[in-house]
Amino acid sequence: MIKGRVFKYGDNVDTDVIIPARYLNITDKAELAFHCMEDIDGDFVKMVKPGDIIAAGKNFGCGSSREHAPLVIKLSGINCIIAESFARIFFRNAINIGLPILECADAARDMENGDRVEADIKTGRITNITKGRTYQAESFPEFMQDIMKAEGLINYVRDRGKGL
Amino acid sequence: MGMTMTQKILAAHAGIEEVHPEQMIKARLDLVLGNDITTPAAIGEFNRIGANRVFDKSKVAIVPDHFAPNKDIKSAENCKQVREFSGKMGIENYFEIGQMGIEHALIPEKGLAVPGDVIIGADSHTCTYGALGAFSTGTGSTDMAVGMATGEAWFKVPGAIKFILKGKPGKWVSGKDIILHIIGMIGVDGALYQSMEYSGDGVGNLSMDDRFTIANMAVEAGAKNGIFEVDGKTLEYVSEHSERAPKVFKADADAKYNRVIEIDMGTIKPTVAFPHLPENTRSIDEVGDIRIDQVVIGSCTNGRLEDLRMAAKVLKGSKVSSSVRTIIIPATQKIYLEAMKEGLLEIFIEAGAAVSTPTCGPCLGGHMGVLAKGERAVATTNRNFVGRMGHPESEIYLASPAVAAASAIAGKISSPEEVIR
């Protein structure tokens, strides 16, 4: 069960504001994570605490295929992203690296900065404790759930020992 | 149930008769691609799997093009890692400085993408090869790692939007204007999780370079891929560039589409996307007075020979405004050489533009044209997000090579009609 405080953003949050390309020459993960959300929310890295949640509007993570984007969000301590919808490359990258995401328009729209939220990745059940409301997110196909259970595609492939 | 072109290609590569939207499949890959930004992370994941060889040395392509030629020490280290990995794995399609070009212009030129292929690349604009009737899509570094190790990738089968292209683009209207027009119409998430499938009588009026540009920006509409029906022009291009046999797939007559959109290309005007989303489009007669500081002509979207010819047609005999830094970047060595032979480079340099070796550089604010606070650029690139080309308070206006060249002369966003003497 995921439980945390919400950082709320709008529609079309792109990978260039999540992790600007000027930092893509950095390979040290801690150094990279220091710039998470820098061009949309300069205070994010100062304010975020392990277990927190990002809520956003439509098309979260649009733009580049850089896996640095879900990676810095995961490294910053964010435990789950709940959005109205995700850009597809960000969607698969999040699943592939084991960053929990949920797609639920109503929950995402209602959330405000600082709300306390509980989410169950397995069932897709989301509770906004601050607002006293519950929601049901789209459920993921079994294969994606297996990847998430393994905490990422690499573990999934390694554990199977015979390809995808 | 009938299948779309994309669904048929995916079914064939998954070894099954039929697929339907939302179905999870594992598909065989014909090419796995990476660059200097995404490959270092993929190498780490590849090692974590415990793989010690790539699935097929001829089916992996690695192109250092983003921060190459190395822009700083960190980029040099990344390129070195990629180079050493390619050497160790015996990757046949590693392209070093001097051979390399911007990956999405280079891969078709080298004949590495043909109709019917399934291609993934750790770069979002991998969707470009849909122009050739291939299924190609951008993924992350983890997918690249697993693709290199196993030759497979997982996909959720997409539904599709069908675009029926009619008529002929008017003077100064190119593939860029058509795709900006479409993104303006459906929005940056208008094709989310779906294919954009192009067919219709008008396709024959589009050059291969136009089609590459249109397929390239499918991702800016949120699409999984953009794909063109294969015709004589496609097959001619493929036979000129590749020794591999094309496999032509055609959508079933009863294929289901989420949406069908007819576009009369004759009605589209030169189009500009305003900051900070590619969907913020206006036709050239609606732009108003926008002064600019820089023009970039190049990128995987518009750095091909026809793009350069179009820019040269506008710039010939003129000078760029003294207040506009104009940077022109042929996308590959071959295009560079052709542009030289045709005299295009001379026209650019005489006009006062800088001409550079191939690199993605300025498109993503890496090098070769980073913007300062408050500066504005007209670019033939693909994204105008906040901070994309430099300072978070700079602005990018996306346009065709013709509009970009005209704007360089006028010092403000302009139509070619306004500046041609």
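Residues numbered from 1 in each chain as written. Chains lettered and ligands numbered in written order. Predicted model: local features only at pLDDT ≥ 70, side-chain atom pairs only at ≥ 80, totals over all residues.

Engineer: So what about the sheet that holds strand β5 (residues 118-121) of chain B? Which residues, and what values?
Structural biologist: Residues and elements named next belong to chain B. The parallel open sheet is built from 5 strands, whose spatial order is β4-β3-β2-β5-β6. In this open sheet, the two strands that pair with only one neighbour each are β4 (93-94) and β6 (135-138). Alignment of strand β3 (residues 60-63) against β4, held across 2 bridges, turns out to be parallel. Within β4, the residue paired with I62 across the bridge is Y94. (Pairing = 2+ DSSP bridges. Helix = DSSP H or I, 4+ residues; strand = E, 2+ residues; numbered from the N terminus.)

Engineer: Any details on the interface of chain A and chain B? Residues and values, ideally.
Structural biologist: With 36 residues of chain A at the interface, the matching set in chain B holds 45 residues. Considering every element that reaches the side of chain A that touches chain B, the biggest residue donor is helix α5 (residues 88-97) of chain A, with 6 residues. (Contact = placed C-beta atoms within 7 Å.)

Engineer: Explain the domain arrangement of chain B to me, using residue names and the numbers behind them.
Structural biologist: Residue and element names in this part refer to chain B. Assigned domains of chain B: these are domain 1 (5-264) and domain 2 (271-419). Listed as interface residues are 34 residues of domain 1 and, on the opposing side, 35 residues of domain 2. Counting only elements with at least two residues in the side of domain 1 that touches domain 2, the list comes to α4 (103-109), α6 (175-186) and α7 (208-216). Sorting elements by how many residues they give to the side of domain 1 that touches domain 2 places α6 first, with 6 residues. Classifying every residue of the side of domain 1 that touches domain 2 by side-chain character gives 13 nonpolar, 13 polar and 8 charged. (Domains from an automatic or database assignment. Nonpolar A, V, L, I, M, F, W, Y, C, P; charged D, E, K, R; others polar.)

Engineer: I'd love a proper account of the nonpolar core, names of residues and values included.
Structural biologist: Ranked by size, the top nonpolar core spans 200 residues in total, and within it I81 and I82 of chain A together with A311, F348, A404 and A405 of chain B carry the most contacts. Each of domain 1 (5-264) and domain 2 (271-419) of chain B contributes no fewer than three residues to this core. Contact partners of A311 of chain B, with chain neighbours within four places excluded, come to I297, I328, P401, A404 and A405 of chain B. (Core = buried A, V, L, I, M, F, W, Y, C linked by C-beta atoms within 7 Å. Buried ≥ 20, exposed ≤ 12 C-beta atoms within 10 Å, placed from the backbone.)

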